Amino acid sequence: MALQLYDSLRREQVDFEPRDPGKASLYVCGPTVQDKPHVGHGRASVVFDVLRRWLTWSGYEVTHVTNVTDVDDKIILKAQLTGTTPAMVATENLRAFNQASDALGLLPVHVQPMATGHLFEMQDMISRLIDKEMAYERDGNVLFRVRTLEDYGKLSRRDVDDMRGSEDIIGAESKDDPIDFAMWKAAKPGEPSWPSPWGDGRPGWHIECAAMAGKHLGPGFDIHGGGLDLVFPHHENEIAQFEAAEDAPFARYWVHNGMLRMGEDKMSKSIGNVIGIVDAVETWGRGPLRLWYLSAHHRSPLTYDTDRLVEASAAFDRLATLVRTVRTLGVDPVPLDRDDVPAVAAPHVDRFTVAMDDDLNATAAVSVLHDAVTVAHEHVRAAETGDDEARTAAAVLAGMVVTLADDVLGLGLGAAVERDDAVGDRFGALVEHLIGERTAARDDRDFARADAIRDQLAAAGVVVEDRPNGSRWYLSDPAAPVAEDT
RNA sequence: GGCGGGGUAGCCAAGUGGUAAGGCAGGGGACUGCAAAUCCUCUAUCACGGGUUCGAUUCCCGUCCCCGCCUCCA
């Protein structure tokens, strides 16, 4: 059993067979840098980050490209409203986007092409379409002649005869056909523009992805991803332009992520319910946030809701607790080697693999992790009464959980626990001293003093728990607020 | 109106032609000086009505309801 993906174009789940054996190419539509990224962008980022991580785990050499749209109407408008330049708006928000990506623990993409850096490639593609008479110039604009493509609409399953057309750049009456869309837009006063065979202007949105995916990954690359809301017109038009210009298939698989909702409402600036990615990471922590992102199938809608983030935090703590508990046994979790899976871990790894291979069923995969945690805790119980074999099993299972959670799901579980070590290096002696005093008090059955010390430590953010083999401590998570917060 | 996706326990959410994972919350028990953590345990006629079938939550038809896209959007 190997990876299967649901392909939006074929409308069914199909085997993943890459263009080049052993390699996987991934193009994901990135942001238009008009504003700071919000948690909706984060969902798409995380979904495809997990896909990329799973492909890598599965042995593929992955090339991950995510573009940046750094020139468009909204960026220009934003610049006009704030009295700055489109380039400054784009640069500032691109920086915010990359900062948010780091906070989310996204693996850096291999190529981050920008529209303004690919004017030549876009103009070249447009020229070839004009030569083929599949595009035409009108008042400095260039439009794609939709009806010249027999299979236009195959991705979004739209019939050209049912389409109304839009006035994206010039009035419908000025077009040969109202449904033709702009590939090159003639310059308007005060707007950024570049020279072209058709006069100064700037590229249309859809042409950039067609040109850049083609340039960086080549015809027939493997996976094209993006939000479900991009299916039409964006992706439909990408396919149209690319396949018309190149006479070659564009992408082998189309993967789309579902939209994010804010309670009953759609996340929308006008409602004022936009949550920034960096804010969300600071509030909830990377692990809980990503666990929440993965709490629904990637094609299903997902709702941003405080209660659900609290649940995700609790679920994440359950994973972290196992790691901490295992370490109190005097052993460290043993990282999982995918090429040499220990027998105790094998059934879980197999189930995890089946789940992920099944169109990236991360929700089921997470449940496998939870099952493994339960089994590991059973081993911990036995280990605490001196069963060395059980101790080893617990360490192996905990390591498996950490490796899968971090390498594949990107939760940052190991890092969350390492933070305790970092603090321990500086203040550990102090904490240990207090715990020693508390232990002495408990031995004297002076529970009032023992509880006072525990309360004191708790006030400082140090949680003390008594285990059969002694007391342990760890930091309460600052990124796990109470339910009523926010 | 067109296209598409859904309705599974208090909540979130997988999944299967042979009575349904996991998490969170809650009840009970074990453990603990008390906690915490952990383990065990309890809680679902799978929207409604038909049909196919030995048997459907899972397939088909219909009904009701929800959501997304059809204009910019991850």
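Predicted, not measured: the structure shown is a model, and the values here were computed from it.

## Section: the overall build of chain A
Moving on, step 1. Across its full length, chain A carries 14 helices and 15 strands.
Moving on, step 2. Along the first, second and third principal axes, the C-alpha atoms of chain A reach 90 × 50 × 35 Å.
Moving on, step 3. Residues counted as buried form 51% of the 486 residues belonging to chain A.
Moving on, step 4. Taking the contacts inside chain A whose residues are at least 6 apart along the sequence as the reference set, 74% of them involve residues at least 24 apart.
Moving on, step 5. Summed over all atoms, the accessible surface of chain A reaches about 21,700 Å², with 50% contributed by carbon and sulfur.
Moving on, step 6. Charged side chains of chain A number 49 positive and 80 negative; the gap between the two group centres comes to 1 Å.

## Observations regarding the domain arrangement of chain A
Moving on, step 1. On domain assignment, one finds that chain A holds domain 1 (4-257) and domain 2 (278-475).
Moving on, step 2. For domain 1 versus domain 2, the separation of C-alpha centres amounts to 41 Å.
Moving on, step 3. Between domain 1 and domain 2, the residue contacts involve 26 residues of the former and 32 residues of the latter.
Moving on, step 4. Taken together, the two surfaces of domain 1 and domain 2 that pack against each other cover about 2,600 Å², and 63% of this comes from carbon and sulfur.
Moving on, step 5. Per-residue buried area on domain 1 facing domain 2 is highest for Arg43, Trp54 and Trp57; these three make up 33% of the total on that side.
Moving on, step 6. At the junction of domain 1 with domain 2, the criterion picks out 1 salt bridge.

## Some words on empty space enclosed by the protein
Moving on, step 1. Throughout the structure, instances matching the rule amount to 1 cavity of 30 Å³ or more.
Moving on, step 2. Empty space within the largest cavity amounts to approximately 60 Å³.
Moving on, step 3. Around the largest cavity sit Val47, Val50, Tyr293, Leu294, Ala296, His297, His298, Leu360 and Ala362, which together line it.
Moving on, step 4. The residue inventory of the lining of the largest cavity, partitioned by class, reads 7 nonpolar, 2 polar and no charged.

## Thoughts on helix H9 (residues 306-327)
Moving on, step 1. The terminal C-alpha atoms of H9 lie 31 Å apart, and with 22 residues this matches the ideal 32 Å at 1.5 Å per residue to within 8%.
Moving on, step 2. For H9, the full list of buried residues reads Leu309, Ala312, Ser313, Phe316, Leu319, Ala320, Leu322, Val323, Arg324, Thr325 and Val326.
Moving on, step 3. The N-cap residue of H9 is Asp305: its side-chain oxygen and the backbone nitrogen of Asp307 are 2.9 Å apart.

## Description of the pattern of salt bridges
Moving on, step 1. According to the stated counting rule, one finds 30 salt bridges in the structure shown.
Moving on, step 2. Close ionic contact of Lys132 with Asp247 constitutes a salt bridge, the shortest N to O distance being 2.8 Å. Of this pair, Lys132 sits in the loop between helix H4 (119-131) and strand E5 (135-138) while Asp247 sits in the loop between helix H6 (231-246) and strand E10 (251-257), and the two are 115 residues apart along the sequence.
Moving on, step 3. Classification of Asp247 as exposed rests on a relative accessible area of 64%.
Moving on, step 4. Here Arg138 makes a salt bridge to Asp176, at a shortest N to O gap of 2.8 Å. Of this pair, Arg138 sits in strand E5 while Asp176 sits in the loop between strand E6 (141-144) and strand E7 (181-186), placing them 38 residues apart in sequence.
Moving on, step 5. A relative accessible area of 25% means that Arg138 is categorised as partly exposed.
Moving on, step 6. Residue class for Asp176 comes out partly exposed when judged on its relative accessible area of 42%.
Moving on, step 7. Taken together, the shared-partner salt bridges in this structure form one network comprising Asp73, Lys185, Glu191 and Arg202.

## Examining the nonpolar core
Moving on, step 1. Within the largest apolar cluster, 81 residues are counted, with the highest numbers of intra-cluster contacts made by Phe352, Met356 and Leu409.
Moving on, step 2. The biggest single contributor to this core is helix H12 (residues 388-408), with 12 residues.
Moving on, step 3. Counting the residues that make up this core, at least three belong to each of domain 1 (4-257) and domain 2 (278-475).
Moving on, step 4. Judged by nonpolar contacts, the second largest core, of 43 residues, contains Leu119, Ile126, Ala211 and Ala245.

## Focus on the pairing of strand E2 (residues 12-15)
Moving on, step 1. Across 4 bridges, the pairing between strand E1 (residues 4-7) and E2 is antiparallel. Counted as the bridge partner of Tyr6 is Gln13 from E2.
Moving on, step 2. Between E1 and the antiparallel strand that follows it, E2, lie 4 residues; Arg11 among them carries a positive phi value of about 65°.

## Regarding the sheet that holds E6
Moving on, step 1. One open sheet accounts for 4 strands, arranged E5-E6-E7-E8; its pairing is antiparallel. A single partner strand is all that each edge strand has here, and the edge strands are E5 and strand E8 (201-203). Each neighbouring strand pair of the sheet contributes to a mean axis angle of 25°, computed without reference to strand direction.
Moving on, step 2. Pairing geometry for E6 and E7, over 3 bridges, is antiparallel. Bridge pairing links Phe144 to Phe181 in E7.
Moving on, step 3. Sheet strands touched by H4: E5, E6, E7 and E8. Its angle to E7, the strand with the most contacts, is close to 120°.

## Considerations on the confidence of the model for chain A
For any part of a model where pLDDT is low, the fine detail of the predicted coordinates should not be relied upon.
Moving on, step 1. Mean pLDDT over chain A works out to 91, with 94% of the residues at or above the 70 mark.
Moving on, step 2. Note on residues 479-486: pLDDT is under 50 here. Beyond four places in sequence and across chains, it has 13 contacts.

## Structural notes on the sheet that holds strand E3 (residues 23-28)
Moving on, step 1. In space, the 4 strands of this open sheet follow the order E4-E3-E9-E10, with parallel pairing throughout. Two strands in the sheet have a free side with no partner beyond their single neighbour: strand E4 (61-66) and E10. For this sheet the average axis-to-axis angle between neighbouring strands, irrespective of direction, equals 20°.
Moving on, step 2. Direction of pairing for E3 relative to strand E9 (residues 221-227): parallel, over a ladder of 3 bridges. By the bridge assignment, Val28 is partnered in E9 with Gly225.
Moving on, step 3. The strands touched by helix H5 (residues 205-217) are E3, E4 and E9; relative to E3, the strand with the most contacts, the crossing angle is about 160°.
Moving on, step 4. Each of E9 and E10 is contacted by H6, which is oriented at about 160° to E9, the strand it contacts most.

What counts, and at which threshold
- Residues numbered from 1 in each chain as written.
- Chains lettered and ligands numbered in written order.
- Predicted model: local features only at pLDDT ≥ 70, side-chain atom pairs only at ≥ 80, totals over all residues.
- Heavy atoms only, no water.
- Helix = DSSP H or I, 4+ residues; strand = E, 2+ residues; numbered from the N terminus.
- Buried < 20%, exposed > 50% of the residue type's maximum accessible area, 1.4 Å probe, protein only.
- Contact = heavy atoms within 4.5 Å.
- Areas by Shrake-Rupley, 256 points an atom, 1.4 Å probe, with all protein chains shown as cover.
- Lys, Arg positive; Asp, Glu negative; His and termini not counted.
- Charge placed at Lys NZ, Arg CZ, Asp CG, Glu CD.
- Domains from an automatic or database assignment.
- Buried area = accessible area lost by both parts, 1.4 Å probe.
- Salt bridge = Lys/Arg side-chain N within 4 Å of Asp/Glu carboxyl O.
- 1 Å grid on protein atoms, 1.4 Å probe; cavity = no way out; pocket = protein on both sides within 12 Å on 5 of 7 lines; lining within 4 Å.
- Points joined across faces, edges and corners; volume = space filled by probe spheres on them.
- Nonpolar A, V, L, I, M, F, W, Y, C, P; charged D, E, K, R; others polar.
- Expected span 1.5 Å × (residues − 1).
- Polar contact = N/O pair within 3.5 Å; in protein donor to acceptor, adjacent residues only side chain to side chain.
- Core = buried A, V, L, I, M, F, W, Y, C linked by side-chain atoms within 4.5 Å.
- Pairing = 2+ DSSP bridges.
- Axes fitted to C-alpha atoms, helices over the stretch in contact; angles between N-to-C directions.
- pLDDT = per-residue confidence, 0-100.

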